[in-house]
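Tertiary structure, described
Listed here are the chains, written in short residue letters.
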Amino acid sequence: MKIVVIGGTGLIGSKLVKHLRERGHDVLAASPSTGVNSITREGLAQAMDGTDIVVDVANAPVWEDQAVLDFFETSTRNLLAAEAAAGVRHHVALSIVGTERLPDSGYFRAKVAQENLIKASGIPYTILRATQFFEFVGGIAESFAVGTELHVSPALIQPIASDDVAAVLADVTLEAPANGTVEVAGPEALPIDELIRRFLRGTQDTRKVVPDVHARYFGALLDDQSLTPGKNPRLGGIHFEDWLAQSVAQAGR
């Protein structure tokens, strides 16, 4: 099959393209750097010609509330219109576990808007919602910084390695459209403050982590259901400590 991966040169996209090519499919890694732009529509019609499946893993370049909403709505509308014209049979999109539960976050509101456009399009679809990636834990830690301390929510999180996300996304892409939402999460749920402590220990960062139920996660207050999956999610197999040890070792080479 011909598969177009929008955002195909990014963290998840590049891994997904590799998985799908290894399974024998004709895969186009589409991004502005390869001449396909879902915002300006440059190269979009040509990319869709003869395409069976489109996987959208593109991410907004900025996180300001209105800008991120504009990005996901414009990009998704342009993609769906081009897919409808080309007769694409399956639209797959990567989203985030908990999008509808965190309306205080502009980014999560934008992902909900994206999902709603997909559901209303009439194109067979699958939305894969993933929990937060291990690769972003350092950035999450910094978002909680208050002076020399990190004031961190103790709500549960179930993070996942991007390698596991890409592998499950490849499976979902090649399955029949779910016309619904599938969830994927890491193998362990734990409080965010404990996750950050493990990250700091692994990176030899001596800052103190202070549990704070009022600490906001990118603008949103959390509870134990905010960032964890529902029943029967697909699970990744890579544990955070193993991933972190490997990442630290690679960084020290």
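Look up a bit, the structure's there.
Residues numbered from 1 in each chain as written. Predicted model: local features only at pLDDT ≥ 70, side-chain atom pairs only at ≥ 80, totals over all residues. Heavy atoms only, no water.

1. Observations regarding the packing of aromatic side chains
- Considering all chains together, one arrives at 9 aromatic pairs under this definition.
- Ring centres of Phe72 and Tyr107 lie 5.8 Å apart, and the angle between their planes is 85°; on these two criteria the pair is classed as edge-to-face. On the criterion of sequence distance, the pair formed by Phe72 in helix 3 (residues 65-86) and Tyr107 in helix 4 (residues 106-120) is long-range, its members being 35 residues apart.
- Phe72 sits in the buried class, given a relative accessible area of 1%.
- An aromatic cluster is defined as three or more aromatic residues linked by ring pairs; in this entry it consists of Trp63, Phe71, Phe72, Tyr107, Tyr217 and Phe218. (Phe/Tyr/Trp six-rings, centres within 6.5 Å; stacked < 30°, edge-to-face > 60°. Helix = DSSP H or I, 4+ residues; strand = E, 2+ residues; numbered from the N terminus. Buried < 20%, exposed > 50% of the residue type's maximum accessible area, 1.4 Å probe, protein only.)

2. Let's talk about unusual backbone geometry
- We note that Phe218 has phi near 50°; this positive angle belongs to a residue other than glycine.
- Looking at where Phe218 falls in the secondary structure, it is placed in the loop between strand 11 (208-211) and strand 12 (234-235).
- For Phe218, a relative accessible area of 32% translates into the label partly exposed.
- A positive phi angle, near 55°, is found at Asn232, a position not held by glycine.
- Tracing the backbone shows Asn232 in the loop between strand 11 and strand 12.

3. Comments concerning the sheet that holds strand 9 (residues 180-185)
- With respect to topology, 7 strands assemble into an open sheet ordered 2-1-3-4-5-9-12, the strand pairing being parallel. Each having just a single partner strand, strand 2 (26-30) and strand 12 make up the two edges of the open sheet.
- Relative to strand 2, strand 1 (residues 2-6) runs parallel, the two being bridged by 5 bridges. Paired with Ile6 across the bridge in strand 2 is Ala30. (Pairing = 2+ DSSP bridges.)

4. Brief notes about helix 1 (residues 11-22)
- Helix length check: helix 1, at 12 residues, gives a terminal C-alpha distance of 18 Å against a target of 16 Å (1.5 Å per residue), a fit within 8%.
- Within the sequence span of helix 1, burial applies to Ile12, Gly13, Leu16, Val17 and Leu20. In an axial view of helix 1, the angular spread of the buried residues amounts to 130°, which keeps them on one side of the axis. Among the exposed residues of helix 1, those oriented more than 90 degrees off its buried face are Lys18 and Glu22.
- Contacts from the buried residues of helix 1 go to strand 1, strand 2, strand 3 (53-56), strand 4 (90-96) and helix 6 (162-174).
- Where helix 1 terminates, the next one or two residues include Gly24, which has phi positive at roughly 95°. (Expected span 1.5 Å × (residues − 1). Arc of directions from axis to C-beta. Contact = heavy atoms within 4.5 Å.)

5. Digging into the sheet that holds strand 6 (residues 145-146)
- Strand order in the open sheet formed by 3 strands is 6-7-11, and the pairing between neighbours is mixed. The sheet is open, and its two borders are formed by strand 6 and strand 11, each paired with just one other strand.
- Pairing between strand 6 and strand 7 (residues 149-152): 2 bridges, direction antiparallel. Of the residues in strand 7, the one forming a bridge with Ala145 is Leu150.
- Where helix 7 (residues 192-202) meets the sheet, its contacts fall on strand 7 and strand 11, and the angle it forms with strand 11 comes to roughly 175°. (Axes fitted to C-alpha atoms, helices over the stretch in contact; angles between N-to-C directions.)

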